[in-house]
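The primary structure of each chain is shown beneath.
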Amino acid sequence: MEGFARAPAPLSDTKPMDKTWKMWKQEFIIFLKAAGFDKKTNEEKAFCLMNQIGRVGLAAMQEMQLDDEEEKDFDILINKFDEYFDPPKRETEERFKFYTRSKKNNEPIEAYIADLKEKAKTCNFGDLTDSLVRDMVILDIKDKHLRKILFQEKELDLQKLTMLYKQFELSTEKMKEVTKKAAAEKSEAKPKDSNATSADTNKKTKNVCWRCGTSHPPGACPAFKVTCDKCNEKGHFTQRCTNKNPSGNANSPNNANTPQKSSKNYAKSPFNQIEKNKTKN
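Because the structure is predicted, anything quoted here is derived from the model rather than measured.

## Considerations on the overall build of the protein
Here's step 1: A tally of regular secondary structure across the protein gives 11 helices and 0 strands.
Here's step 2: For the protein, the α and β elements follow one another from N to C terminus as α-α-α-α-α-α-α-α-α-α-α.
Here's step 3: Counting over 281 residues, the protein shows a buried share of 30%.
Here's step 4: A fraction of 49% describes how many contacts in the protein between residues 6 or more apart in sequence connect residues 24 or more apart.

## Some points on unusual backbone geometry
Here's step 1: The omega torsion of the bond from Lys 15 to Pro 16 falls at -5°, within 30 degrees of zero and hence cis.
Here's step 2: Tracing the backbone shows Pro 16 in the segment before helix H1 (17-35).
Here's step 3: Of note, Gln 65 is a non-glycine position whose phi angle comes to about 55°, a positive value.
Here's step 4: Relative to the helices and strands, Gln 65 resides in the loop between helix H2 (42-64) and helix H3 (68-71).
Here's step 5: Residue classification places Gln 65 among the exposed positions, given a relative accessible area of 68%.
Here's step 6: Positive phi outside glycine occurs at Glu 155, with the angle close to 50°.
Here's step 7: Considering the arrangement of structural elements, one finds Glu 155 in the loop between helix H8 (144-152) and helix H9 (158-206).

## Re H2
Here's step 1: Compared with the 33 Å implied by 1.5 Å per residue over 23 residues, the 19 Å span of H2 between its first and last C-alpha is markedly short.
Here's step 2: Buried within H2 are the following residues: Lys 45, Ala 46, Cys 48, Leu 49, Met 50, Gln 52, Ile 53, Gly 54, Gly 57, Ala 60, Met 61 and Met 64.
Here's step 3: Elements in contact with the buried residues of H2: H1, H3 and helix H4 (74-85).
Here's step 4: Immediately downstream of H2, the backbone of Gln 65 shows phi near 55°, a positive value.

## Details of the environment of Glu 69
Here's step 1: Mapped onto the fold, Glu 69 is located in helix H3.
Here's step 2: A C-alpha to C-alpha distance of 9.2 Å links Glu 69 and Glu 43, two positions 26 residues apart in sequence.

## Observations regarding the nonpolar core
Soluble, globular proteins show a tendency: their nonpolar side chains are buried together.
Here's step 1: Within the largest apolar cluster, 23 residues are counted, with the highest numbers of intra-cluster contacts made by Trp 21, Phe 28, Leu 49, Leu 77 and Phe 81.
Here's step 2: Among the elements of the structure, H1, H2 and H4 are those that each provide at least two residues to this core.
Here's step 3: Element by element, the count of residues in this core is highest for H2, at 8 residues.
Here's step 4: Excluding residues that lie within four positions of it along the chain, Leu 49 makes contacts with Trp 24, Phe 28, Phe 74, Leu 77, Ile 78 and Phe 81.
Here's step 5: If you look at the next biggest cluster of nonpolar residues, it comprises 22 residues, including Ile 109, Ile 138, Ile 141 and Leu 156.

## Some points on the side chain of Gln 52
Here's step 1: Mapped onto the elements of the fold, Gln 52 is located in helix H2.
Here's step 2: Once residues lying within four places of it in the same chain are set aside, the contact partners of Gln 52 are Ala 7, Pro 8, Ala 9, Pro 10, Trp 24 and Phe 28.

## Comments concerning the packing of aromatic side chains
Geometrically, a pair of aromatic rings is defined through the distance of the ring centres and the angle of the planes.
Here's step 1: This model, assessed by the stated rule, comprises 12 aromatic pairs.
Here's step 2: Judged by centre distance (5.2 Å) and plane angle (10°), the rings of Trp 24 and Phe 28 are stacked. In this pair, Trp 24 and Phe 28 both sit in helix H1, 4 residues apart, roughly one turn of the helix.
Here's step 3: Within the aromatic cluster, the residues linked to one another by ring pairs are Trp 21, Trp 24, Phe 28, Phe 31, Phe 37, Phe 74, Phe 81, Tyr 84 and Phe 85.

## Comments concerning the packing of helix H6 (residues 109-120) against helix H7 (residues 129-140)
Here's step 1: As a packed pair, H6 and H7 sit with axes 10 Å apart at the nearest point and diverge in direction by 130°. By the criterion of interaxial angle, the relationship of H6 to H7 is oblique. The crossing of H6 and H7 is right-handed. In this structure, H6 contributes Ile 109, Tyr 112, Ile 113, Leu 116, Lys 117 and Ala 120 to the contact, and H7 contributes Thr 129, Asp 130, Val 133, Met 136, Val 137 and Asp 140.

## Things to note about the environment of Ala 60
Here's step 1: Tracing the backbone shows Ala 60 in helix H2.
Here's step 2: A relative accessible area of 2% places Ala 60 in the buried class.
Here's step 3: The sequence separation of Ala 60 and Phe 81 amounts to 21 residues, and the corresponding C-alpha distance is 7.9 Å.
Here's step 4: With sequence-adjacent residues up to four places away left out, Ala 60 is seen in contact with Phe 81, Tyr 84 and Phe 85.

Each value, and the rule that gives it
- Residues numbered from 1 in each chain as written.
- Predicted model: local features only at pLDDT ≥ 70, side-chain atom pairs only at ≥ 80, totals over all residues.
- Heavy atoms only, no water.
- Helix = DSSP H or I, 4+ residues; strand = E, 2+ residues; numbered from the N terminus.
- Buried < 20%, exposed > 50% of the residue type's maximum accessible area, 1.4 Å probe, protein only.
- Contact = heavy atoms within 4.5 Å.
- Expected span 1.5 Å × (residues − 1).
- Core = buried A, V, L, I, M, F, W, Y, C linked by side-chain atoms within 4.5 Å.
- Phe/Tyr/Trp six-rings, centres within 6.5 Å; stacked < 30°, edge-to-face > 60°.
- Axes fitted to C-alpha atoms, helices over the stretch in contact; angles between N-to-C directions.
- Parallel < 35°, antiparallel > 145°, perpendicular 65-115°, else oblique.
- Left-handed = near helix turned anticlockwise from the far one by under 90°.

Below you can see the structure in the form of structure tokens.
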């Protein structure tokens, strides 16, 4: 049996040392039993331990300042290493670490809860552990909508809290994506809408009749029978008159698109012809 026993590697200084020491101690005790050394005297087992523990353990022994009798007693050595690598926890300090633990950015909710539970082990919370972990998670939440969802849940335990938390995160991410996509589409469509509006405005401006100020089919101007109070000519509303000479003899504006409005030209205008045709009929 002794030939098949595998001795553990020397103790490393991997942090945290309390866990590293506990793992090494367990492996060493298994080795003692597998090799049949567990029935040896305390002194023999003590020397076996010092032979296997390596430089990290021997350096710790020097700081412990053990006397000769303590070094030769296996049980005393184990207790001394326990106190050195895993000293008794102070409740106030451990609770401070627990209550000041906040969720890190991008840290999964499961990992945050698991670490709170680990810290709670040395806080002596007893049966209140799960409820205090739950309260810590809620206290760390900044989003009031998520807090409201959790407050409305009856008998909220850690399992329900985790489920609701993840559902809220998922819906929030989807909403951000939808909002971002909508903003991008609106940004792309904005120049097109602006051009279309401008084109419609120009089109409407070009089709406005200068005589009445409205848009209408050809020959349907509502001002063709109206006499202007300003120039006494027919064919346009007073507010649309462009004749600067109130005598009625002035010509129309120099605009090439604006017909002349003198009495002589009015006799030849289509409006005068329309009136003559109606008189004949």
